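Each chain, letter by letter, is given below.
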Amino acid sequence: MAWFTRKKPPTEAGGEGERHVRTEGLWLKCESCSQIVWRKTLEENLQVCPQCGFHFRIDAAARLQQLFDGGQFEIHEPGMASTDPLNFVDAKPYKERLAAMVKQGLRDAVISASGPLDGRPVNICALELKFIGGSMGTVMGEKITRAVERSIERRHPLIIVSASGGARMQEGAVSLMQLVKISQALMRLDEAQVPYISVLTDPTTGGVTASFAMLGDLNIAEPGALIGFAGPRVIEQTIRQKLPEGFQRSEFLLKHGFLDAVVKRPDLKSYISASLKFFCD
Ligand SMILES: [Zn+2]
């Protein structure tokens with residue numbers, strides 16, 4: 001990596017150590033192809049590797065900025081937070097985990113927002129994987145249900161971008177109830193004939209896959225995303241068979257009829273926009 005160290009640091013620098021630290025922040029090694037990518041190029045390419053097309057995970061706020069026109073949107077129920085209904089204590093009390101997340105500026109694993117997408121008003125819920133694995137508890141259930149109700153009332157299409165490990169075990173059965181609650185709300189959305197597009201990103205598993213993520217009028221995924229209910233190890237142990245290559249990845253699911261399309265992130269907004277035009281106009 002001689003070219004790397006020969007490069008002059010952006011500002012006056014001290015010793016070799018400092019130069020190393022500065023370059024570390026500017027460049028990134030792709031998890032898939034191991035090529036060194038300039039962080040700015042990656043940002044311009046919506047966190048997709050320009051060499052191999054690997055989709056880096058992005059957070060909910062970045063997702064909303066990419067989808068809404070000019071990155072402008074109105075956030076709903078920003079302060080809604082879990083009350084820890086079971087008083088759950090594991091290795092670390094649930095209340096402490098929630099408090100640690102609040103310190104990072106996160107209140108729950110979903111951001112619900114409204115705004116224009118190619119000029120069309122829509123509601124988008126984006127799941128936040130950083131918040132306890134994007135898990136679904138009472139707050140996610142309530143926020144998504146309200147987004148669905150908002151979509152029915154205003155007749156604005158709904159888009160949910162999933163990234164989740166499934167139901168939140170710290171909320172037990174109360175968490176599982178959210179699968180039913182959201183699914184029922186989506187049925188009412190269907191009856192009202194307002195379109196719902198589900199976008200599945202890496203990873204979408206468990207109770208989220210088993211409910212709203214697979215209930216879209218269109219279910220589309222990003223390339224290479226892990227999508228499933230149980231993990232591959234559990235399945236192999238249960239059916240006592242070796243699983244095929246690429247099992248539970250977007251491309252495999254598309255081939256076997258579980259998805260309607262696999263869409264690259266840079267094309268996602270225009271794909272959703274064209275689909276909504278087809279459904280609504
Ligand atoms: Zn790559």
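About the cut-offs
Residues numbered from 1 in each chain as written. Predicted model: local features only at pLDDT ≥ 70, side-chain atom pairs only at ≥ 80, totals over all residues. Heavy atoms only, no water. 1 Å grid on protein atoms, 1.4 Å probe; cavity = no way out; pocket = protein on both sides within 12 Å on 5 of 7 lines; lining within 4 Å. Points joined across faces, edges and corners; volume = space filled by probe spheres on them. Helix = DSSP H or I, 4+ residues; strand = E, 2+ residues; numbered from the N terminus. Buried < 20%, exposed > 50% of the residue type's maximum accessible area, 1.4 Å probe, protein only. Pairing = 2+ DSSP bridges. Domains from an automatic or database assignment. Contact = heavy atoms within 4.5 Å. Buried area = accessible area lost by both parts, 1.4 Å probe. Salt bridge = Lys/Arg side-chain N within 4 Å of Asp/Glu carboxyl O. Polar contact = N/O pair within 3.5 Å; in protein donor to acceptor, adjacent residues only side chain to side chain. Nonpolar A, V, L, I, M, F, W, Y, C, P; charged D, E, K, R; others polar. Donors = N, O, S within 2.8 Å, 3.2 Å for Na, K, Ca; no water.

A. How the structure looks around empty space enclosed by the protein. A full pass over the atoms with the stated rule returns 1 cavity of 30 Å³ or more. Taken as a whole, the largest cavity spans an internal volume of roughly 50 Å³. Lining the largest cavity, in full, are Ile58, Asp59, Ala60, Arg63, Ala126, Leu127, Val161, Ser162, Ala163 and Thr201. Mapped onto the lining of the largest cavity, the elements with two or more residues apiece are helix H4 (60–67), strand E5 (120–127) and strand E6 (158–164). At 3 residues, E6 tops the list of elements feeding residues into the lining of the largest cavity.

B. A look at the pairing of strand E8 (residues 218–221). Here E8 shows a buried face lined by Leu218 and Ile220 and a second buried face lined by Asn219 and Ala221. For strand E7 (residues 196–204) and E8, the ladder comprises 4 bridges, and the chain directions are parallel. Each residue of the ladder has a partner; that of serine 198, found in E8, is asparagine 219. Inspection of the sheet shows E8 paired to strand E9 (residues 261–262) by 2 bridges, in the parallel sense. From the neighbouring strand, alanine 221 faces E9, where its bridge partner is valine 262.

C. Inspection of unusual backbone geometry at higher detail. In this model, aspartate 202 is joined to proline 203 through a cis peptide bond whose omega is -10°. With respect to the secondary-structure elements, proline 203 resides in strand E7. Even without being glycine, arginine 155 reaches a positive phi, approximately 55°. The residue arginine 155 is located in the loop between helix H6 (138–154) and E6 in this model.

D. Focus on the domain arrangement of the protein chain. According to the domain assignment, the protein chain consists of domain 1 (15–56) and domain 2 (58–280). On a C-alpha basis, the centres of domain 1 and domain 2 stand 27 Å from each other. Contacts between the two partners involve 6 residues from domain 1, matched on the other side by 7 residues from domain 2. In this assembly, domain 1 packs against domain 2 so that about 560 Å² is buried in total across both faces, 63% of it on carbon and sulfur atoms. On the domain 1 side of the interface with domain 2, the three residues burying the most area are Leu46, His55 and Phe56, jointly 80% of the side's total. Counting across the domain 1 and domain 2 interface gives 0 salt bridges. Linking domain 1 with domain 2 are 4 residue pairs in polar contact (both at pLDDT 80 or more), by the criterion used here. Classifying every residue of the side of domain 1 that touches domain 2 gives 3 nonpolar, 3 polar and no charged.

E. Quick peek at the side chain of aspartate 84. Tracing the backbone through its elements, the reader meets aspartate 84 in the loop between strand E3 (74–76) and helix H5 (94–103). Apart from the residues within four sequence positions on either side, aspartate 84 is in contact with Tyr94 and Lys95.

F. Up close: the coordination of the zinc ion. Donor atoms from the polypeptide that coordinate the zinc ion comprise Cys30 (SG), Cys33 (SG), Cys49 (SG) and Cys52 (SG), at 2.2 to 2.3 Å from the metal. Going along the chain, you hit the donors of the zinc ion in the pattern C-x2-C-x15-C-x2-C. A residue pair is termed long-range when its members are at least 10 positions apart, and cysteine 30 in the loop between strand E1 (27–29) and strand E2 (36–38) and cysteine 52 in the loop between helix H3 (39–44) and H4 qualify at 22 residues.

G. Structural context of the environment of alanine 100. Here alanine 100 is to be found in helix H5. Residue class for alanine 100 comes out partly exposed when judged on its relative accessible area of 29%. Linking alanine 100 and phenylalanine 131, residues 31 residues apart in sequence, is a C-alpha distance of 9.9 Å.

H. How the structure looks around the pattern of salt bridges. For the structure shown, the criterion picks out 18 salt bridges. Residues aspartate 202 and arginine 57 are paired through a salt bridge, measuring 3.1 Å at the closest nitrogen-oxygen approach. Taken together, the positions of aspartate 202 in strand E7 and arginine 57 in the loop between H3 and H4 put the pair 145 residues apart, joining distant regions of the chain. Under the relative-accessibility criterion, arginine 57 is labelled exposed at 55%. For lysine 269, the salt bridge identified is with aspartate 69, shortest N-O distance 2.7 Å. Of the two residues, lysine 269 sits in helix H11 (residues 265–280) while aspartate 69 sits in the loop between H4 and E3, which places them 200 residues apart along the sequence.

I. Fine view of the layout of surface pockets. There is about 290 Å³ of room inside the largest pocket. As for the largest pocket, its lining consists of 24 residues, of which His55, Phe56, Arg57, Asp202 and Arg265 are closest to the centre. Listed by contribution, the elements that provide at least two residues to the lining of the largest pocket are H4 and E7. Counted by class, the lining of the largest pocket contains 10 nonpolar, 5 polar and 9 charged residues. A domain split of the lining of the largest pocket shows at least three residues from each of domain 1 (15–56) and domain 2 (58–280).

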